[in-house]
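# Coordinates in review
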Amino acid sequence: MQSLWNEHEAADYEGDLGLRVYSSRLLGRDKSLVMHGGGNTSVKLEETNLFGELEKILYVKGSGWDLETIEAAGFAPVRLAHLQRLAGLDALPDPQMVNEMATHLLRAGAPAPSVETILHACLPFKYVDHTHADAVLAVSDTDNGEQRIRDIYGDSVVIIPYLMPGFDLAQYCAREFPRQAGPQTMGMVLLQHGIFSFGDTARASYERMIDLVSRAEAYLAAHIPPMAAHTPVGAPPRFDTRAQAELRRSISRAAGAPMIVKTCSNARTHAFARHPDLAAMCAQGPITPDHVIRTKRLPMLGLDVDAYVRDYRAYFERYEPLSKERKTMLDPAPRVVVDPGFGMSVAGRTARDAAVVEELYEHTIDVMLRAQALGAYKALPARDIFELEYWDLEQAKLRRAGTPPAFSGEVALVTGTASGIGQACVATLLARGAAVVALDVNPLVRTAHARPDYLGLVCDVTDEAHIQAALHRAVSTYGGIDMLVLNAGIFSANRKLSELPSDEWRRVMSVNLDGNLFLMRACHPYLKLALHGGRVVVIGSKNVPAPGPGAAAYSASKAALTQLARVAALEWGADGIRVNTLHPNAVFDTALWTDAVLQQRASHYGMSVAEYKTNNVLKAEVTSRDVAELAAEMCGPLFAKTTGAQLPVDGGNDRVI
Ligand code: ZN
């Protein structure tokens, strides 16, 4: 492991706190050291208060900040003397500890100080760095971890046995550190948890971390053969989209809410899933306390969610004999599924959560395999895992206090998303918390959004093989499809029926009608499994109730599509799937309507562009966003009892009314 310190870069950061920011970011850059808000750092500074007195302040990483992207504002300034006094108390319940830290901050609006704040305060060094380095965990999370750590570091680190993070750990370290520390001490290892380094400068503390972790890496390299020797190469993962969608439904039911389930099938996860010691390793639980909340206690082995939930309830009752309050907190849904057939899947309340679990578990696999190869993987005690799982709840509840977005954990598939109504549907569904699979023939669909809850795929909806490939990607990425917005369509040239070429007629029918049949048919098995019931919204047209001359192919295709939707509403009602149709008109902010075309059409009717745009009963301009909002609403609870409906969104059209 190399130091990433660069004097040139460091020069951009001002003062001691600035360098704290810089070296924290260096730690954050290396995912084998810290991930997703894990790890924490601090610096102790002397500052003059309003009365001219010198005060010592601990700047410690605040919760909600990631080391990789932290800024000065991400450090919470806490009065050091108070923290040090707290460490001397006989006992301090964790909620009270959190309160003491929050009430001794120097800046209103500062983030909540890390739960490891008192520990940082007790270490008598200006800079303190703390990580959950994979290599250190791979050594310490073994049956003989303490001895191995001693062999590696000798007297250069203080060794602390595993203790619950929070006050007890801080208090123990405050007492134990001075007893063990000597002139050689440059760090501290918390067994089954992680490692600290410290120094008088940001650089010294950071580079000691790199040095200490490198020593663990060297030890691992010397004591275990290369990884390949420990990972059996199995048959390639077998991915069954139906089975995944059913798995997602079972997990969502266990969670009591829709969940995103992402399949992470690759040679590595597949080999892990077929490891002869898999069950023994997984039974030990997470590699560090920091992961418990997100990966949960244990992965699920195999695909029997009911059995997992039964085990989980039994485990819950063992530690918490069904107190009413905690019972309501119980969340028995697995977050990690390991199966010899396909490798691994991860679950989360959002696509972002699932992506975090995936990354955490990739490192977990690495640590488990190395620890197992060294001796036997051994993690924190089961009782502590339980405590940790419910420990953070006060904060977690606060975080969740705001109602989650309406479509959290749900998956929507939208067609024709490169512009106009489809593009607006993607935006509104994302804003409402859904993960969105966007299909378009335009390759720009791939890069329209860069976020874990967006999957843009190039797809020609008239090609069944394209549709199958797209659904395969969609289900492996999010686990299923709950909502389908059929928007893709083409409008052929304005042409009289007597002059309409057959191939043009067929092309319009093929995109506007056949493609939608293919999609509906292919999505039906997934829509059926949606926890809140499947929903289909068809983007029809005003031309259905009020056709215009010169648009035979378009009008006929949309009318047939509307009829198809009505039949689907009848046939799929028993599966809990609702199918409703929107008939927009005069939506001009689409790719079809360039300024020139608008100008030309307006003057054709002797109107200004503004008059032409609002030429309806309400004199209102109808935008893509208006249509998209209504489409999203039709997928929501307001339309829970409505299916087979056709709704105009056209500002009122006298021919339709
Ligand atoms: Zn920690």
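Our structure's up above, just so we're on the same page.
Residues numbered from 1 in each chain as written. Predicted model: local features only at pLDDT ≥ 70, side-chain atom pairs only at ≥ 80, totals over all residues. Heavy atoms only, no water.

### Description of the environment of Phe491
By the element assignment, Phe491 lies in the loop between β15 (483-486) and α21 (502-527). A relative accessible area of 40% means that Phe491 is categorised as partly exposed. Separated by 20 residues in sequence, Phe491 and Val511 have C-alpha atoms that sit 9.9 Å apart. Apart from residues lying up to four places away in sequence, Phe491 is in contact with Ala551, Tyr554 and Leu592. (Helix = DSSP H or I, 4+ residues; strand = E, 2+ residues; numbered from the N terminus. Buried < 20%, exposed > 50% of the residue type's maximum accessible area, 1.4 Å probe, protein only. Contact = heavy atoms within 4.5 Å.)

### Some details on the coordination of the zinc ion
Protein coordination at the zinc ion comes from Glu116 (OE), His130 (NE2), His132 (NE2) and His193 (NE2), with a distance range of 2.1 to 2.5 Å. Look at where the donors of the zinc ion fall in the sequence and you get E-x13-H-x1-H-x60-H. Residue Glu116 is located in the loop between α4 (94-103) and α5 (117-122), and its partner His193 is located in the loop between β6 (187-190) and β7 (194-199); the two are separated by 77 residues in the primary sequence. (Donors = N, O, S within 2.8 Å, 3.2 Å for Na, K, Ca; no water.)

### Thoughts on the sheet that holds strand β10 (residues 336-339)
Read across the sheet, four strands follow the order β8-β11-β10-β9 without closing on themselves; strand pairing throughout is mixed. Strands with a single pairing partner mark the edges of an open sheet, and in this sheet they are β8 (260-263) and β9 (300-301). Here four bridges tie β8 to strand β11 (residues 343-348), and the two strands are oriented antiparallel to one another. Considered in β11, the bridge of Thr263 is made with Ser345. (Pairing = 2+ DSSP bridges.)

### Points about the packing of helix α20 (residues 464-478) against α21
Running from amino to carboxyl end, α20 crosses α21 at an angle of 35°, the nearest separation of the two axes being 10 Å. Taken as a pair, α20 and α21 cross one another with a handedness that is right-handed. Residue-level contacts link Glu464, Ile467, Gln468, Leu471 and Val475 of α20 to Gly515, Phe518, Leu519, Arg521, Ala522, Cys523 and Tyr526 of α21. In terms of residue class, the contact of α20 with α21 is built from eight nonpolar, two polar and two charged. (Axes fitted to C-alpha atoms, helices over the stretch in contact; angles between N-to-C directions. Left-handed = near helix turned anticlockwise from the far one by under 90°. Nonpolar A, V, L, I, M, F, W, Y, C, P; charged D, E, K, R; others polar.)

### Digging into helix α16 (residues 351-374)
Spanning 24 residues, α16 covers 35 Å between terminal C-alpha atoms, matching the ideal 34 Å at 1.5 Å per step. α16 sits mainly inside the fold: 18 of its 24 residues count as buried. (Expected span 1.5 Å × (residues − 1).)

### With respect to the sheet that holds strand β1 (residues 40-48)
The strand order across the open sheet formed by seven strands is β3-β2-β1-β4-β7-β6-β5, and the pairing between neighbours is mixed. The open sheet is flanked by β3 (75-79) and β5 (157-160), the only strands paired with a single partner. Ignoring strand direction, the axes of neighbouring strands in this sheet form an average angle of 20°. As judged from the five bridges shared by strand β2 (residues 54-61) and β3, these two strands associate in the antiparallel manner. Across the sheet, residue Val60 finds its bridge partner in β3, namely Ala76. Strand contacts of helix α7 (residues 145-153): β5, β6 and β7, with the helix running at about 175° to β5, the strand carrying the most contacts.

### What to know about unusual backbone geometry
Of note, Gln192 is a non-glycine position whose phi angle comes to about 55°, a positive value. Along the chain, Gln192 turns up in the loop between β6 and β7. Residue class for Gln192 comes out buried when judged on its relative accessible area of 9%. In this model, Ala586 sits at a positive phi of 50°, which is unusual for a non-glycine residue. With respect to the helices, strands and loops of the structure, Ala586 is situated in the loop between β17 (578-584) and α23 (595-604).

### Here we look at the packing of aromatic side chains
This model, assessed by the stated rule, comprises 11 aromatic pairs. Judged by centre distance (5.9 Å) and plane angle (15°), the rings of Tyr605 and Tyr612 are stacked. On the basis of relative accessibility, which here comes to 47%, the residue Tyr605 falls in the partly exposed class. For Tyr612, a relative accessible area of 12% puts it in the buried group. A connected cluster of aromatic rings, assembled from ring pairs, spans Trp5, Tyr13, Tyr22 and Tyr206. (Phe/Tyr/Trp six-rings, centres within 6.5 Å; stacked < 30°, edge-to-face > 60°.)

### Quick notes on a nonpolar patch on the surface
Together, Val617, Leu618 and Ile657 line one region of the surface with nonpolar side chains, adding up to about 360 Å² of accessible area. With respect to the helices and strands, the residue Val617 is situated in the loop between α24 (609-613) and α25 (624-634). (Patch = residues over 30% accessible without salt bridge, like charges linked within 9 Å, V, L, I, M, F, W, Y side chains within 5 Å. Areas by Shrake-Rupley, 256 points an atom, 1.4 Å probe, with all protein chains shown as cover. Salt bridge = Lys/Arg side-chain N within 4 Å of Asp/Glu carboxyl O.)

### What to know about the environment of Ser252
With respect to the secondary-structure elements, Ser252 resides in helix α10 (residues 241-255). Separated by 95 residues in sequence, Ser252 and Ala347 have C-alpha atoms that sit 9.1 Å apart. For Ser252, the contacting residues outside a window of four places in its chain are Ala257, Pro258, Met259 and Leu531.

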